[in-house]
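# Structure at a glance
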Amino acid sequence: MPNTRRLISIVAVLILALMLAWAVYQDLFPGAGRPTEERPAVGFLAPDFAGIDVATGRTVKLADLKGKPVLLNFWATWCPPCREEMPDLDQLSRDFKDKAYVIALGADPGEPAELLAGYAKQNNLAGLTILRDATGSAARRFQVRAIPTSFFIDAQGVIRDYKLGAMSYQTMVEGLKRAGAK
């Protein structure tokens, strides 16, 4: 009988220790394991952001694009896989012009708008909307850890899919279709 009481005491102490550890973990990492505005995930609303269109100078907000699916691609001019997929993104933006928005968001705040616009002109990316994330806040809100990273967002602003790394044209089309583009 004494061994049973001792075992129950040990189990109770372990349970309390685990509960305390979980509470501390939740305080240190709020939202851990749960999608939140700071932790975007498939099936949840995409965080809003604002970027500057390098061709027109106007501010574009994700919230303003509701009504059509969006392919949001984080990239930089110095990134070889990003450069590799740019012609396909441009073609996709032309092919889906009336059906979806295709946005290439310059994720490196160190790259000025003139550099991004010059890259677009030099590479004949006339159909693609290129925005600049001047502060890096959009990349932080989407928790982009590597580029290119792309998010497929439906017409209501819900993330339907995402891809890490360069994509083929067909993968882009499939992602937009999952986001509701016809």
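Structure first, text after, so check above.
Because the structure is predicted, anything quoted here is derived from the model rather than measured.

What follows concerns the pattern of salt bridges. Considering all chains together, one arrives at four salt bridges under this definition. Between Asp-90 and Arg-94 there is a salt bridge, and its shortest N-O distance comes to 3.0 Å. Of this pair, Asp-90 and Arg-94 both sit in helix α2 (residues 80-95), four residues apart, which is roughly one turn of the helix. The buried category is assigned to Asp-90, whose relative accessible area is 6%. With its nearest N and O atoms 3.7 Å apart, the salt bridge here joins Lys-163 to Asp-161. In this structure Lys-163 comes out as partly exposed when scored by relative accessible area, which is 26%. The network of salt bridges with common partners includes Asp-161, Lys-163 and Arg-178.

The next subject is the packing of α2 against helix α5 (residues 169-178). In helix packing, the relevant descriptors are the interaxial angle and the interaxial distance, both defined with respect to the helix axes. At their nearest, the axes of α2 and α5 sit 9 Å apart, and the two run at 45 degrees to each other. In terms of axis orientation, α2 runs oblique to α5. In terms of crossing hand, the pair formed by α2 and α5 is right-handed. Side by side, α2 and α5 meet where Glu-85, Asp-88, Leu-89, Gln-91, Leu-92 and Asp-95 of the first sit next to Tyr-169, Met-172, Val-173 and Leu-176 of the second. Residues belonging to the contact of α2 with α5 are distributed by class as follows: six nonpolar, one polar and three charged.

A few words now on the packing of aromatic side chains. Scanning the entire structure with this criterion turns up six aromatic pairs. Between Phe-74 and Phe-142, the ring centres sit 5.5 Å apart and the planes meet at 55 degrees, which makes this aromatic pair tilted. With Phe-74 in strand β3 (residues 70-75) and Phe-142 in the loop between α4 (137-141) and β6 (149-153), this residue pair connects regions lying 68 residues apart in the sequence. You can call Phe-74 buried: its relative accessible area is 0%. Linked through ring pairs, Phe-49, Phe-74, Phe-142, Phe-151 and Tyr-162 together constitute an aromatic cluster. Here the guanidinium or amino end of Lys-68 rests over the ring plane of Tyr-101, the centre of that ring lying 4.9 Å away. Directly above the aromatic system of Phe-96 lies the positively charged group of Lys-99, at a separation of 5.4 Å from the ring centroid.

Cut-offs applied
Residues numbered from 1 in each chain as written. Predicted model: local features only at pLDDT ≥ 70, side-chain atom pairs only at ≥ 80, totals over all residues. Heavy atoms only, no water. Salt bridge = Lys/Arg side-chain N within 4 Å of Asp/Glu carboxyl O. Helix = DSSP H or I, 4+ residues; strand = E, 2+ residues; numbered from the N terminus. Buried < 20%, exposed > 50% of the residue type's maximum accessible area, 1.4 Å probe, protein only. Axes fitted to C-alpha atoms, helices over the stretch in contact; angles between N-to-C directions. Parallel < 35°, antiparallel > 145°, perpendicular 65-115°, else oblique. Left-handed = near helix turned anticlockwise from the far one by under 90°. Contact = heavy atoms within 4.5 Å. Nonpolar A, V, L, I, M, F, W, Y, C, P; charged D, E, K, R; others polar. Phe/Tyr/Trp six-rings, centres within 6.5 Å; stacked < 30°, edge-to-face > 60°. Lys NZ or Arg CZ within 6 Å of the ring centre and 35° of its normal.

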